[in-house]
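# Descriptive analysis of the structure
Chain by chain, the residues:
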Amino acid sequence: MHSVPVAGIRQLLVSGGSTMAAAEVARQMSEGARNLSLSGHVGFDSMPDQLVNKSVCQGFCFNILCVGETGLGKSTLMDTLFNTRFEGDPAAHNQPGVHIKSNNYELQESNVRLKLSIVNSVGFGDQINKEESYKSIVEFIDAQFEAYLQEELKIKRTLHNYHDSRIHVCLYFIAPTGHSLKSLDLVTMKKLDSKVNIIPIIAKADSISKNELQKFKIKIMSELVSNGVQIYQFPTDDETVAEINGTMNAHLPFAVVGSTEEIKIGNKMMKARQYPWGTVQVENESHCDFVKLREMLIRVNMEDLREQTHTRHYELYRRCKLEEMGFKDTDPDNKPFSLQETYEAKRNEFLGELQKKEEEMRQMFVMRVKEKESELKEAEKELHDKFDRLKKLHQDEKKKLEDKKKSLDDEINAFKQRKTAAELLQSQAQQSGSQQTLKREKERKNFF
């Protein structure tokens, strides 16, 4: 069987081939080679379409963390962003601390399915002592990283259908004070910037004038930079979105207004907030930055937020965890160190430490046994001494009792003797008296 040169086939596929080349290939195939029928365009440029189709079939997930004080309109903004009224019971704000409430939803737009998780920090900023308000938020984010890491470290993994609960973006709601950031905001964002993508938002921006709002934005960004807080910057490395992202980075933090109420303005129904002095249109860019936030968060950079969460924040958590467990990529000489070698070294180190601890525990046990034996011997000696003292005391008491008993017996015998003698004297006295009586009576008879 003859083989067709690969270069000839590649040239035929790319250029279409000449009639002579096609005839030569057909002649070689007719001599016993396997027939290969080609139809349409052949190439690997269809791979993006394959990835798109596969991703659409699997669906996407996106997790949003809303952090801010009570009453800043976090739930209302979520409803406005996704044009959906999310069902959920209002949380009570009389908790002693901050607790996390997560709700999961399934949305569909055209043929794209989105698993959306909205996580809210209930009670944030409600306490008198706010020093530890950020701890429950940090612990929740770390718990999601830990769950993903545990799934990743399993022998039999199911990451293809694993529900990714890692937080992709944190919308941090800032109160529209117009002055400066609160210390609570600075501390919390500083604790979160290495764990999640932070997008600062000025909530209820319709309560502050435009001039004050612009000054407030500048003040916020200045304080974030001076305190070393790293917020999420929209990427500018992709040429298709570099211009719009670069422009939007200059508008941070976004001043937003949320509303699910629709008001007829002109001939259109628009989301707005009605006030006695006028109407604030949510989707009017001259009124607020809601449209900018929606474009940047959902339409342009959603996938980058997901990617940054995995490649930056999760990788940092994973690296720190593995380093805590003793895993390293290089040895002390900066030579590559395989996972098997790391495992063996860690295992030997663990066994050595285990044997050392076992020996220390054995010595400690022997020492404690000796101490206990010494204590028991001393206690036994004390008991013997006490027994001897009690025994001697008992003997002395017994001797005293015997002596007292003997003296009592002697007294009893003497008493009995005296009693006998007294009885004898009494009987003699009675006899002598009776004899005298008889004698007198006899003398009387003789007299008469």
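So, how was this worked out
Residues numbered from 1 in each chain as written. Predicted model: local features only at pLDDT ≥ 70, side-chain atom pairs only at ≥ 80, totals over all residues. Heavy atoms only, no water. Helix = DSSP H or I, 4+ residues; strand = E, 2+ residues; numbered from the N terminus. Contact = heavy atoms within 4.5 Å. Areas by Shrake-Rupley, 256 points an atom, 1.4 Å probe, with all protein chains shown as cover. Buried < 20%, exposed > 50% of the residue type's maximum accessible area, 1.4 Å probe, protein only. Arc of directions from axis to C-beta. pLDDT = per-residue confidence, 0-100. Pairing = 2+ DSSP bridges. Axes fitted to C-alpha atoms, helices over the stretch in contact; angles between N-to-C directions. Core = buried A, V, L, I, M, F, W, Y, C linked by side-chain atoms within 4.5 Å. Patch = residues over 30% accessible without salt bridge, like charges linked within 9 Å, V, L, I, M, F, W, Y side chains within 5 Å. Salt bridge = Lys/Arg side-chain N within 4 Å of Asp/Glu carboxyl O. Lys, Arg positive; Asp, Glu negative; His and termini not counted. Charge placed at Lys NZ, Arg CZ, Asp CG, Glu CD. Parallel < 35°, antiparallel > 145°, perpendicular 65-115°, else oblique. Left-handed = near helix turned anticlockwise from the far one by under 90°. Phe/Tyr/Trp six-rings, centres within 6.5 Å; stacked < 30°, edge-to-face > 60°. Right-handed = clockwise from strand over helix to strand, strands pointing away. Polar contact = N/O pair within 3.5 Å; in protein donor to acceptor, adjacent residues only side chain to side chain.

For the rest of this paragraph, the subject is the overall build of the protein chain. The helix and strand tally for the protein chain stands at eleven helices and nine strands. Here the contacts in the protein chain between residues at least 6 apart in sequence split such that 67% fall between residues at least 24 apart. Accessible area of the protein chain: about 31,100 Å², with a carbon and sulfur share of 53%.

One turn of the α-helix equals 3.6 residues, which is why residues spaced by three or four share an orientation. Considered for burial, the residues of helix 8 (residues 239-249) that qualify are Val-241, Asn-245, Met-248 and Asn-249. Considered in projection along helix 8, the buried side chains sweep an arc of 95 degrees and stay on one side of the axis. The exposed residues of helix 8 that point more than 90 degrees off its buried face are Glu-239 and Glu-243. Tucked into the core, helix 8 has its buried residues touching strand 6 (254-255) and helix 9 (290-300).

The predicted coordinates ought not to be read in detail in places where the model reports low pLDDT. Summing up the model confidence of the protein chain, the mean pLDDT is 85 and the portion of residues at 70 or higher is 87%. Here residues 1-23 is a poorly scored stretch, pLDDT under 50, and it has 14 contacts once near neighbours within four places are set aside; other chains count.

The strand order across the open sheet built from three strands is 7-8-9, with neighbouring strands paired in antiparallel fashion. Strands with a single pairing partner mark the edges of an open sheet, and in this sheet they are strand 7 (262-265) and strand 9 (278-281). Looking at each pair of strands side by side, their axes are set apart by 65 degrees on average, direction ignored. Sheet topology note: the strand 7/strand 8 (residues 268-275) ladder contains four bridges and is antiparallel. Residue pairing across strands places Ile-265 opposite Lys-268, the latter belonging to strand 8.

One finds Leu-171, Ile-199 and Leu-293 to be the most contacted residues of the largest nonpolar core, which totals 72 residues. It is helix 5 (residues 135-152) that provides the largest number of residues to this core, a total of seven residues. Every residue in contact with Leu-293, bar those within four places of it in the chain, is listed here: Leu-77, Leu-81, Leu-171, Ile-199, Ile-201, Phe-254, Val-256 and Ile-298.

Before going further, it helps to examine a negative patch on the surface. Residues Glu-371, Glu-375, Glu-378, Glu-382, Asp-385 and Asp-388 make up a contiguous surface patch of negative charge. Turning to its location among the elements, Glu-371 is positioned in helix 11 (residues 339-447).

A few words now on the sheet that holds strand 5 (residues 198-202). Overall, mixed pairing links the six strands, which are arranged 2-3-1-4-5-6 in an open sheet. Both outer strands of the open sheet, strand 2 (99-109) and strand 6, are each paired with one neighbouring strand and no more. Across two bridges, the pairing between strand 5 and strand 6 is parallel. Paired with Ile-202 across the bridge in strand 6 is Ala-255.

Moving on: the pattern of salt bridges. Applying the stated rule across the entire model yields 18 salt bridges. The residue Lys-271 makes a salt bridge to Glu-262 at a minimum N-O spacing of 3.8 Å. Here Lys-271 falls in the buried class, since its relative accessible area comes to 11%. When the shortest N-O distance is used, the salt bridge between Glu-315 and Arg-318 registers 3.6 Å. Of this pair, Glu-315 and Arg-318 both sit in helix 10 (residues 302-324), separated by three residues, roughly a single helical turn.

It is worth spelling out the packing of helix 4 (residues 74-81) against helix 9 at this point. In contact at an axis separation of 11 Å, helix 4 and helix 9 are set at 70 degrees when each is read in the N-to-C sense. Our classification of the angle between helix 4 and helix 9 gives roughly perpendicular. Relative to helix 9, helix 4 is oriented so that their crossing is right-handed. Along the contact surface, helix 4 presents Leu-77, Thr-80 and Leu-81, while helix 9 presents Phe-290, Leu-293, Arg-294, Leu-297 and Ile-298.

All right, on to the packing of aromatic side chains then. Per the stated rule, a full pass over the model turns up ten aromatic pairs. The interplanar angle of 85 degrees and the centroid separation of 5.0 Å between the aromatic rings of Tyr-148 and Tyr-314 together place this pair among those described as edge-to-face. One end of the pair, Tyr-148, is in helix 5; the other, Tyr-314, is in helix 10, with 166 residues separating them in the sequence. Like Tyr-314, Tyr-148 is buried. Cluster of aromatic residues (ring-pair linked, three or more members): Phe-145, Tyr-148, Tyr-162, Tyr-314 and Tyr-317.

Moving on: the pairing of strand 5. Here is the key point about a regular strand: its side chains alternate between the two faces of the sheet. Of all five residues in strand 5, five are buried; the element is thus mostly enclosed. Residues Ile-198, Pro-200 and Ile-202 line one face of strand 5 and the alternating positions Ile-199 and Ile-201 line the opposite face, and both faces are buried. Judged from the five bridges that link them, strand 4 (residues 169-174) and strand 5 form a sheet pairing that is parallel. Bridge pairing links Leu-171 to Ile-199 in strand 5. At this point the chain moves from strand 4, through helix 6 (residues 183-192), to the parallel strand 5, and the crossover so formed is right-handed.

Across the junction of Leu-252 and Pro-253, the peptide omega takes the value -10 degrees, indicating a cis bond. Structurally, Pro-253 can be placed in the loop between helix 8 and strand 6. Here the phi dihedral of Asn-83 falls at roughly 50 degrees; this positive angle occurs in a residue that is not glycine. Relative to the helices and strands, Asn-83 is located in the loop between helix 4 and strand 2. Note on Asn-83: relative accessible area 56%, which makes it exposed.

Next up on the list: the environment of Ser-207. Structurally, Ser-207 can be placed in the loop between strand 5 and helix 7 (210-226). The exposure class of Ser-207 is exposed, given its relative accessible area of 51%. Residues Ser-207 and Thr-177, 30 residues apart in the sequence, show an inter-C-alpha distance of 9.0 Å. Within the structure, the side chain of Ser-207 is placed 2.7 Å from the backbone oxygen of Lys-204, a separation counted as a polar contact.

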